[in-house]
Amino acid sequence: MSPAARGGGHAGLPRLLAGLRPGLEALSFADHLATHGPLPSLEAGDLIAAVDRSGLRGRGGADFPTARKLEAVASRRRVSAVVVNGTETEPASEKDALLLSRLPHLVLDGALLAASAVRAPEVIIHLRESATQALGALEQAVAERGREAARVRLVPGPGGYVSGEESAVIHQLSGGAPLPVFVPPRPFERGYRGRPTLVQNAETLAQLALIARFGPHWFRELGTDADPGTALVTISGEVAAPGVYELAFGTPMQDLIAAAGGSTEPLQALLVGGYFGTWVRASEAMALRLAREDLRSVGCSLGSGVVIALGRSACGLHESARVIEYLAQQSAGQCGPCVFGLRAIADAVGTLAAGRGRRDDVRRIEVWATDIRGRGACHHPDGAVRFVQSALAVFEGEIERHRGGGCRGAPARLPIGEPVGVAVAGKRWR
Amino acid sequence: MSPRPRLRVNPIACEAHGLCAELLPELIRLDDWGYPMIVHPEVPDDLVGLARRAVDVCPTLALLLERGDNAAGHRWPRRPGLRSPRRPFTMFSPFRPCKPPIGELLCRYFTDRKISMRHVHLNIFTSRATTVPAATFACPEIAGAMGLDTALVVRCARW
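Residues numbered from 1 in each chain as written. Chains lettered and ligands numbered in written order. Predicted model: local features only at pLDDT ≥ 70, side-chain atom pairs only at ≥ 80, totals over all residues. Heavy atoms only, no water.

## Details of the overall build of chain B
Here comes step 1: Each helix and strand in chain B was counted, giving four helices and eight strands.
Here comes step 2: Within chain B, residue pairs in contact and separated by at least 24 positions form 50% of the contacts whose partners lie at least 6 positions apart.
Here comes step 3: Roughly 8900 Å² of accessible area belongs to chain B as shown, and the carbon and sulfur atoms make up 51% of that amount. (Helix = DSSP H or I, 4+ residues; strand = E, 2+ residues; numbered from the N terminus. Contact = heavy atoms within 4.5 Å. Areas by Shrake-Rupley, 256 points an atom, 1.4 Å probe, with all protein chains shown as cover.)

What follows is the structure, encoded as structure tokens:
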């Protein structure tokens, strides 16, 4: 079932997804140890050094060097805490759901290793309460760990697009709303119960668990010098086999689409990074590789590993209008620039999509975008604004077409709302 | 040379009263919805006094003046141990012009609730009641901005 077995995959893959069972059952502790080998015990300094040499960066979207985060918490020399961020609020992302519900022991390994590295007595796994499959699998997995089970707590939350933000996670665990708070202090300084807290994405910890076993050199055998290792990418849209794929960095985007069964119709654009990401024209994207610099050259970032393929039969402007409307509704509602700015922008994009746009609507959106950037307590308005700016650029022709009264007016394609989760018929996992 | 003090807004606490922009138009501009944009965060020497006044006058303590080298540690106003934003105890908000005078109302309010005037009894934001010293001062800027005769701000030094 692995990509390598199917041919066309790279040697050395899969890594995280090794041992993935068909069906929806989770890998048991015994099978997990048989697949990856025993978990080594490393000195805190050795683990952090290994992660540093490996070049691992966070996979939750911020792409922050993991070793620096570990060091920041460990160096405070106080009782700390580890929080596994499994909220995964991007509607089109399912990689963390996959890991938590079918490969929970890999994430647990990483979390417990990180906990010993930063001197944390407790590991808290935070995820949406609607992720019932993952919750069940994690409860089972924690029970299988015996003595270690006492250190791990599962804390589900109500969800919401901004609830996965670092400070929002801490706020929620401290009894508050699942909304971001003003920083500083950041969680690594003062977080859960005032302790220095390491908040790490589930996939990052899974990668860490393998680095601890096999070392930084092994990690760097795949990927590029600048972007070492592999990433889990949730590929969806007009592809034959949507799902979660493990790919080495540096993989050409053509191969990425091919891995997902190829496109089912000619593509016009890719949405890279989910709704916190940006659009790129398909023609430009296909010339690139899955690498930070390549993506940056077209204004993109992999973010939380979401790639949505938009076919020619869809309307990019309508889809973008739906997304920015969703993002405006999902504002925490705490900061004026975000509440009013995203509302104004969403209304203006909606007007453009409805064909009632005025000549200077695009200019007004640009002015608002520049004004509200960086003025929220979190980066939700920044991401939304970047998304809209990329839509205005990539779908410029579409805007003109709508103004002229024409549009293909295709039915909606992009998912809006909570991620559906792993138990979706028709989805396959690699 | 020590780094210049920098202005910053806590966007969660900010409620667009706009007083900061009134006092510091050189550094702060309001956006289409009345919220402050710090167009020039570094405060030049001749405006530091005015910047401190602007910080004092903000009804929600949303404006901060930070020393560049240690943003979290050295802020004006000083709020040790603060982790997430809380509203200051501005009891008569929104302020209303009234007879009898505000001072008398304040006394009556506190006495009715058996709160000593020298210390404000805080049991709103924490589960444990905390007594902190309170400063009460008349604020003509707020009064002017709200079209009132008088505005009194009861500000707690710590909460």
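## Section: the sheet that holds strand β6 (residues 243–248) of chain A
Residue and element names in this part refer to chain A.
Here comes step 1: Within the open sheet, the five strands sit side by side as β6-β5-β9-β7-β8. Their pairing is mixed. Where the open sheet ends on each side, the last strands, each with one partner, are β6 and β8 (278–281). Across the sheet, the mean angle from the axis of one strand to that of its neighbour is 30°, orientation sign disregarded.
Here comes step 2: In the sheet, strand β5 (residues 230–237) pairs with β6 via six bridges, with the strands oriented antiparallel. Note on β6: the bridge partner recorded for T234 is V244. (Pairing = 2+ DSSP bridges. Axes fitted to C-alpha atoms, helices over the stretch in contact; angles between N-to-C directions.)

## Quick word on the interface of chain B and chain A
Here comes step 1: Taken residue by residue, the interface counts 20 residues in chain B and 23 residues in chain A.
Here comes step 2: Buried surface at the junction of chain B and chain A, summed over both partners, amounts to about 1700 Å²; 61% is from carbon and sulfur atoms.
Here comes step 3: For the interface between chain B and chain A, the tally reads one salt bridge.
Here comes step 4: Between D31(B) and R375(A) there is a salt bridge, with the nearest N and O atoms lying 2.9 Å from each other.
Here comes step 5: For the side of chain B that touches chain A, the elements supplying multiple residues, two or more each, are β1 (5–9) and β3 (36–38) of chain B.
Here comes step 6: Its residues assigned to classes, the side of chain B that touches chain A shows 11 nonpolar, three polar and six charged. (Buried area = accessible area lost by both parts, 1.4 Å probe. Salt bridge = Lys/Arg side-chain N within 4 Å of Asp/Glu carboxyl O. Nonpolar A, V, L, I, M, F, W, Y, C, P; charged D, E, K, R; others polar.)

## Let's talk about unusual backbone geometry
Residue and element names in this part refer to chain A.
Here comes step 1: Note the cis peptide between L13 and P14, where omega equals -5°.
Here comes step 2: Take P14: it is sitting in the loop between α1 (3–6) and α2 (29–36).
Here comes step 3: The phi dihedral of R77 is positive, around 55°, even though this residue is not glycine.
Here comes step 4: You can see R77 is positioned in the loop between α4 (66–74) and β1 (81–85).
Here comes step 5: Even without being glycine, E88 reaches a positive phi, approximately 45°.
Here comes step 6: Looking at E88, the relative accessible area reads 8%, which means it is buried. (Buried < 20%, exposed > 50% of the residue type's maximum accessible area, 1.4 Å probe, protein only.)

## What about the sheet that holds strand β4 (residues 197–201) of chain A?
Residues and elements named next belong to chain A.
Here comes step 1: What the four strands build is an open sheet, ordered β3-β2-β1-β4; its pairing is parallel. Because the sheet does not close on itself, it has two edges, and the strands there are β3 (152–157) and β4. Neighbour to neighbour, the strand axes of the sheet diverge by 25° on average, direction disregarded.
Here comes step 2: Helix α9 (residues 202–219) rests against β1 and β4 of the sheet, and its axis sits at about 90° to β4.

## A closer look at the packing of aromatic side chains
Pairs of aromatic rings are described using the distance from one ring centre to the other and the angle between the two planes.
Residues and elements named next belong to chain A.
Here comes step 1: Per the stated rule, a full pass over the model turns up seven aromatic pairs over all chains.
Here comes step 2: With a centroid separation of 5.7 Å and an interplanar angle of 80°, the aromatic rings of Y161 and Y326 are classed as edge-to-face. Within this pair, whereas Y161 is found in the loop between β3 and α8 (166–173), its partner Y326 is found in helix α13 (residues 316–329), the two being separated by 165 residues in sequence. Here Y161 matches Y326 in class, with each residue buried.
Here comes step 3: Each residue in the set Y161, Y275 and Y326 is aromatic and connected to the rest through ring pairs, giving one cluster.
Here comes step 4: Taking the ring centre of W218 as reference, the NZ or CZ of R15 above it sits at 3.9 Å.
Here comes step 5: Here the basic side chain of R386 rests over the ring of F276, its NZ or CZ set 5.1 Å away from the ring centre. (Phe/Tyr/Trp six-rings, centres within 6.5 Å; stacked < 30°, edge-to-face > 60°. Lys NZ or Arg CZ within 6 Å of the ring centre and 35° of its normal.)

## As for the pattern of salt bridges
Should the charged atoms of two oppositely charged side chains come close, the side chains can pair.
Residues and elements named next belong to chain A.
Here comes step 1: Counting across every chain of the model gives 28 salt bridges over all chains.
Here comes step 2: Put simply, E148 and R151 hold a salt bridge, and the shortest N to O gap is 3.8 Å.
Here comes step 3: In this structure R151 comes out as partly exposed when scored by relative accessible area, which is 23%.
Here comes step 4: For D227, the salt bridge goes to R292, with nearest N and O atoms at 3.1 Å. Placement of the pair is D227 in the loop between α9 and β5 and R292 in helix α12 (residues 292–297), with a sequence separation of 65 residues.
Here comes step 5: Owing to a relative accessible area of 24%, R292 belongs among the partly exposed residues under this scheme.
Here comes step 6: A network of salt bridges, in which partner residues are shared, links R57, D63, D227 and R292.

## Some points on the nonpolar core
Here comes step 1: Counting residues in hydrophobic clusters, the biggest one holds 53 residues, and the most contacted among them are L70(A), V84(A), V123(A), I125(A) and L127(A).
Here comes step 2: Only α3 (44–54), α4, β1, α5 (95–102), α6 (104–117), β2 (123–128), α7 (132–144) and α9 of chain A provide two or more residues apiece to this core.
Here comes step 3: Among the elements that take part in this core, α9(A) stands out by supplying 10 residues, more than any other.
Here comes step 4: In this view, V84(A) contacts V107(A), A111(A), V123(A), I124(A), I125(A), H126(A), Q200(A), A202(A) and L205(A); residues no more than four positions away in its chain are not counted.
Here comes step 5: Counting 45 residues, the second largest nonpolar core, distinct from the first, contains A269(A), I308(A), A353(A) and I12(B). (Core = buried A, V, L, I, M, F, W, Y, C linked by side-chain atoms within 4.5 Å.)

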